[in-house]
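Single-letter residue listing:
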Amino acid sequence: MSAAAAPKARFDQVSKRFGEGERAVQALEPITLDIAANAFVCLVGPSGCGKSTLLNLLAGFDTPTTGQVLMDGLPVRGPDARRGVVFQQGALFTWMTVLDNVAFGPLATGTPRAEAERIAMGFLEMVGLAAFARRYPYELSGGMQQRVGIARALANDPEILLMDEPFAALDAQTRELLQEEIKRIWLHTRKTVLWITHSIEEALFLATDIVVMSARPGRIKARFAPTFAQSTAPGLATSAEFVRMKAEIVGLLHDEARTAQRQEEAR
Ligand SMILES: Nc1ncnc2c1ncn2[C@@H]1O[C@H](COP(=O)(O)OP(=O)(O)O)[C@@H](O)[C@H]1O
Ligand SMILES: [Mg+2]
């Protein structure tokens, strides 16, 4: 394989089991998945199928039961600033201003304060929040807090962004605006992204790769390579190809959701 084709990240026969004996939960069957550099990979699948588990393994928050998680060909050994994580809700430092939240990463790696603040302001501008730099997180709406979280992750200049349902707690309108913002940022930075979402439309709108997972134990059921991520044209979601792909993925997920539901009831 040529160097150019080497994946940014690779799950190599990765499985995950939580606990021991009868209470053990097989969260992931051995999964092999490559994440190409500059790709925007969306993971979709029913609740409990192991999406967060997979993302946490790449983040370095947990270790696989079998197999290996690799970044640039080297095993992931723990959290690393090269992988930026954005959680479902804020996770901001409540006692720090917005600016200090975003400057935190650069400061932590020894960047002088003036330079760290300059970097932070740049990313706050990118997410449209420069005017709120001196505010505190509690003064911001949920959507604005999420944008600060994204700016904070970007300020570390990570090579991969890991986002676990980052818009799940937001209302539909805010969500749509942020999706447009994320697309703009991705087209501008071409960061490699691993993104978990429950919204198939969101996945189709943003992703270069959609990975559909099966109900627990998680396996890869299908992959899609939509082309809508490259476009900022209005009305994408009503194009024939978008609607067709959406119907296909909805169909795939429908059966999996039923299986997941039965598993929940059996617990
Ligand atoms: N720390 C843990 N201990 C035990 N079971 C866990 C743990 N984390 C996740 N699980 C289980 O593993 C499965 C996959 O969880 P998760 O990755 O959070 O799913 P998803 O993000 O797709 O909803 C679920 O059945 C969940 O209950
Ligand atoms: Mg999850």
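Residues numbered from 1 in each chain as written. Chains lettered and ligands numbered in written order. Predicted model: local features only at pLDDT ≥ 70, side-chain atom pairs only at ≥ 80, totals over all residues. Heavy atoms only, no water.

As recorded in an unreviewed UniProt entry, the protein goes by ABC transporter ATP-binding protein and comes from Pseudorhodoferax aquiterrae. Quoted verbatim from the Sequence similarities (unreviewed entry) field of the UniProt record, the comment on the protein reads "Belongs to the ABC transporter superfamily." (UniProt positions renumbered as here; feature names shortened; annotations may be inferred.)

**Student:** When you look at the overall build of the protein in this model, what are you seeing that I'm missing?
**Tutor:** In terms of helices and strands, the protein carries 7 helices and 10 strands. Against the globule reference of 18 Å for 267 residues, the protein gives a C-alpha radius of gyration of 19 Å, in line with a compact fold. Expressed as a percentage of the 267 residues in the protein, the buried residues total 48%. A fraction of 67% describes how many contacts in the protein between residues 6 or more apart in sequence connect residues 24 or more apart. Of the roughly 12900 Å² of accessible surface on the protein, 52% is carried by carbon and sulfur atoms. Where the 29 positive side-chain charges of the protein centre and where its 30 negative ones centre are 1 Å apart. (Helix = DSSP H or I, 4+ residues; strand = E, 2+ residues; numbered from the N terminus. Rg over C-alpha atoms; globule rule 2.2 N^0.38 Å. Buried < 20%, exposed > 50% of the residue type's maximum accessible area, 1.4 Å probe, protein only. Contact = heavy atoms within 4.5 Å. Areas by Shrake-Rupley, 256 points an atom, 1.4 Å probe, with all protein chains shown as cover. Lys, Arg positive; Asp, Glu negative; His and termini not counted. Charge placed at Lys NZ, Arg CZ, Asp CG, Glu CD.)

**Student:** Hey, could you run me through the pattern of salt bridges in this one?
**Tutor:** Oppositely charged side chains may form a pair once their charged atoms are brought near each other. A full pass over the atoms with the stated rule returns 17 salt bridges. With its nearest N and O atoms 3.0 Å apart, the salt bridge here joins Glu115 to Arg118. You can see Glu115 and its partner Arg118 sitting in helix α3 (residues 113-126), 3 residues apart, about one turn around the helix. We classify Arg118 as exposed; its relative accessible area is 54%. Arg244 is the partner of Glu248 in a salt bridge, and the nearest nitrogen-oxygen pair spans 3.0 Å. Note that Glu248 and Arg244 are positioned in helix α7 (residues 240-266) at a spacing of 4 residues, about one turn of the helix. (Salt bridge = Lys/Arg side-chain N within 4 Å of Asp/Glu carboxyl O.)

**Student:** Honestly, the site of ligand 1 in this entry has me stumped. Any pointers?
**Tutor:** Residues in close proximity to ligand 1 total 13 residues, the closest being Gly48, Gly50, Lys51, Ser52 and Thr53. Between an oxygen atom of ligand 1 and a side-chain N or O atom of Ser52, the distance comes to 2.8 Å. Mapped onto the shell around ligand 1, the elements with two or more residues apiece are β2 (25-35) and α1 (51-59). Considering each element in turn, the shell around ligand 1 owes the most residues, 3 residues, to α1. Class assignment for the residues of the shell around ligand 1 results in 5 nonpolar, 5 polar and 3 charged. (Near = heavy atom within 4 Å. Polar contact = N/O pair within 3.5 Å; in protein donor to acceptor, adjacent residues only side chain to side chain. Nonpolar A, V, L, I, M, F, W, Y, C, P; charged D, E, K, R; others polar.)

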